[in-house]
Amino acid sequence: MIVRFEAEGKLRPLMIEFDESHKYPVDRVLDVRRAACESVGGVGDRYTCRIQGQECYLWLEKGRWFVAAKE
Amino acid sequence: MARSILHVDQNCFYASVEMQRNPELRNRPLAVCGSQEDRHGIVLTANYLAKPRGVKTGMAIWQARQKCPELVVLPPDMAEYIRFSRMAREIYADYTDQIEPFGLDEAWLDVTGSASLYGNAMEIAQEISHRIKFELGITASIGVADNKITAKLGSDYKKPDAITRIEKDNYKEIVYPLPVEDLLYVGPATKEKLRRGGIKTIGELAEAPVEFLLHRLGKMGVVLHTFANGQDVSPVQNTEHIPTVKSAGNSATTPRDLVNNEDVRLMLLLLAESVCARMRELASRCTVVEVYVRDTELRAFIRQRKLATPSCSSTEIADTAYSLFLANYHWEKSVRSIGVRGSGLVEAYECVQLSLYQDDQRRQKWERIDATVDDVRHRYGYMSLQRALIYTDPLLGRINPKDDHTVHPVGFFAG
């Protein structure tokens, strides 16, 4: 996960990198709020992102990132 | 002006957190239980699939499995529950700064002043309920009333996931039929005393003459009467941090006078062990050691010394106390009473600078030994394990400073 840490403490996810050949840049961050993930479990900051035209959720929980599809 | 008080109670808190974290558990009967290795594993919480099968808090794991063979048993993950509790409080803090937590899963909120900004109490309760579900993935029961006691009755009234308003218009209808033990501060002993006086419901308690209750229960009777009538005036106490214990001490008037240094050394060791065991229970170490000495003429003094590093090793505390004693007592008379106190308590889990110095390594070794001795004493009784020195004196050696020691607690109605 490539993330930009801004001076005021804000985080911005920039790109998801699974490996060298699977990189997905985040086109836009539409929303960020604390939320619980129902499908997979977990509670953290939920970033609503547009990646390759599709909207999906990126979660940051206790310093780790995970992805879940937007239902 | 009437207050607006909310009592928020997370439903089956530990179990709910585990179910949120692991979706596979959500449709199975689940109980979060203490350690099974002790053979003292008991149920801490059960979810709403296990409860109807008879699984109750406080039950032993084997009993719970009898009632529900397919029960899933999980160990507690306190760090996670603390995280959820903190996140819930962050939600409350968006509506008021008067928050009184009551354990990890409950809190009182005074939203009297918030009404103009955030809506009335019911609207705030609904928002909080919705946010807990959305942000944390768990549910809560909320009681809405004009005082803490009634608000808590409200949250207990309907579980899970409900908001119950209790005000003057429906107070008698909802509260009067409830059993008297539902009232805060009514435990089994008070319940029994009231039952013998013919009082079984909160309504009966509310309508009972105050003189009767004063006669049967003393001052508490008057307080409970006030509670039962929904007239509690205690404020929601904003506790930023729980008041921490600042010192632990133990002193004793010995069964016979102490007449020489060896006697004193033995007693200091005994008392230091007890004090250090208590410090370990508080997960603390002390930075200052105090010794208290009173002679047969009842003249007394206290001397203290700061330690180089925080410690809860009984050997170190006893040695320090003994050294203070030797430096300050001149044996004009025999010693009647003696005491040891560890003060300037700090959290034991603070990072301790690991050291190459012999002293520190030895301290750590002694602390480990002390902790092991604690475990043995826990299981087999305080007197099961003793230092050899203590056996040398039949009279002094029989003192059990821990179990026979009364620690006077801070009053319930503090502040």
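Let us now look at unusual backbone geometry. Residues and elements named next belong to chain B. A cis geometry characterises the amide bond from Lys159 onward to Pro160, with omega recorded as 0 degrees. Here the phi dihedral of Asp161 falls at roughly 50 degrees; this positive angle occurs in a residue that is not glycine. Since 15 C-beta atoms lie within 10 Å of it, Asp161 is described here as partly exposed. A positive phi angle is found at Trp331, which is not glycine, with a value near 55 degrees.

Another point: the pairing of strand β1 (residues 2–5) of chain A. Residue and element names in this part refer to chain A. For β1 and strand β2 (residues 11–19), the ladder comprises 4 bridges, and the chain directions are antiparallel. Of the residues in β2, the one forming a bridge with Arg4 is Arg12. In this antiparallel pair of consecutive strands, β1 and β2, the connection spans 5 residues, and Gly9 shows a positive phi of 100 degrees.

Residues and elements named next belong to chain A. Relative to strand β5 (residues 43–51), strand β4 (residues 28–36) runs antiparallel, the two sharing 8 bridges. Across the sheet, the residue bridging to Ala35 is Gly44, located in β5. Between β4 and β5, which pair antiparallel one after the other, the connecting turn spans 6 residues, and Gly41 there sits at a positive phi close to 90 degrees.

All names here are of chain B. Counting residues in hydrophobic clusters, the biggest one holds 66 residues, and the most contacted among them are Leu6, Ala31 and Leu109. In terms of domain composition, this core takes at least three residues from each of domain 1 (1–165) and domain 2 (176–228). Discounting chain neighbours no more than four positions away, the residues touching Ala31 are Ala15, Val43, Thr45, Ala46, Ala50, Val55, Ala64, Leu71 and Val73. Counting residues in each nonpolar core, the second largest holds 30 residues, with Leu268, Ala272, Leu324 and Ile399 among its members.

All names here are of chain B. When pLDDT is averaged along chain B, the result is 87, and 90% of the positions lie at 70 or above. Below pLDDT 50 for its whole length, residues 408–415 participates in 1 contact with residues either more than four positions away or in separate chains. Interface confidence in the predicted complex, given as ipTM, is 0.91; pTM for the same model is 0.66.

The buried fraction of helix α1 (residues 13–21) of chain B is high, at 8 of 9 residues. Along α1 of chain B, the residues that are buried comprise Phe13, Tyr14, Ala15, Ser16, Val17, Glu18, Met19 and Gln20 of chain B.

Here 4 strands make up an open sheet; going across it, the order is β4-β5-β6-β7 (chain A) and the pairing antiparallel. Looking at strand neighbours, the two that pair on one side only are β4 and β7 (64–69) of chain A, the edges of this open sheet. Taking the axes of each pair of neighbouring strands and ignoring which way they run, one obtains an average angle of 25 degrees across the sheet. Strand direction decides the pairing type here: β5 of chain A and strand β6 (residues 54–61) of chain A, joined by 7 bridges, are antiparallel. Paired with Ile51 of chain A across the strands is Gln54 of chain A, a residue of β6 of chain A. The strands touched by helix α5 (residues 121–136) of chain B within the sheet are β4 and β5 of chain A, with β4 of chain A carrying the most contacts at an inclination of about 110 degrees.

Residues and elements named next belong to chain B. Strands sit in the order β5-β6-β1-β7-β8 across an open sheet of 5 strands; the sheet is mixed. What marks the edges here is a single partner per strand, and that holds for β5 (99–101) and β8 (162–165). On average, adjacent strands in this sheet sit at an angle of 15 degrees to one another, irrespective of strand direction. In terms of strand pairing, strand β7 (residues 140–145) meets β8 through 4 bridges, oriented parallel. When the sheet's bridge partners are listed, Ser141 is paired in β8 with Ala162.

In this assembly, 9 residues from chain B lie in contact with 8 residues from chain A. Secondary structure elements with two or more residues in the side of chain B that touches chain A: α1 and α5 of chain B. Per element, the largest residue contribution to the side of chain B that touches chain A is 3 residues, and it comes from α5 of chain B. Residues belonging to the side of chain B that touches chain A are distributed by class as follows: 4 nonpolar, 3 polar and 2 charged.

Here we come to the environment of Gly203 of chain B. Residue and element names in this part refer to chain B. Tracing the backbone through its elements, the reader meets Gly203 in helix α9 (residues 202–207). Under the C-beta neighbour-count criterion, Gly203 is labelled partly exposed, with 18 such atoms within 10 Å. In this structure, the C-alpha to C-alpha distance between Gly203 and Val180, residues 23 residues apart in sequence, is 8.2 Å. Leaving out residues up to four positions away in the same chain, Gly203 has contacts with Lys172, Tyr176 and Pro177.

Definitions and limits used
Residues numbered from 1 in each chain as written. Chains lettered and ligands numbered in written order. Predicted model: local features only at pLDDT ≥ 70, side-chain atom pairs only at ≥ 80, totals over all residues. Buried ≥ 20, exposed ≤ 12 C-beta atoms within 10 Å, placed from the backbone. Pairing = 2+ DSSP bridges. Helix = DSSP H or I, 4+ residues; strand = E, 2+ residues; numbered from the N terminus. Core = buried A, V, L, I, M, F, W, Y, C linked by C-beta atoms within 7 Å. Domains from an automatic or database assignment. Contact = placed C-beta atoms within 7 Å. pLDDT = per-residue confidence, 0-100. Axes fitted to C-alpha atoms, helices over the stretch in contact; angles between N-to-C directions. Nonpolar A, V, L, I, M, F, W, Y, C, P; charged D, E, K, R; others polar.

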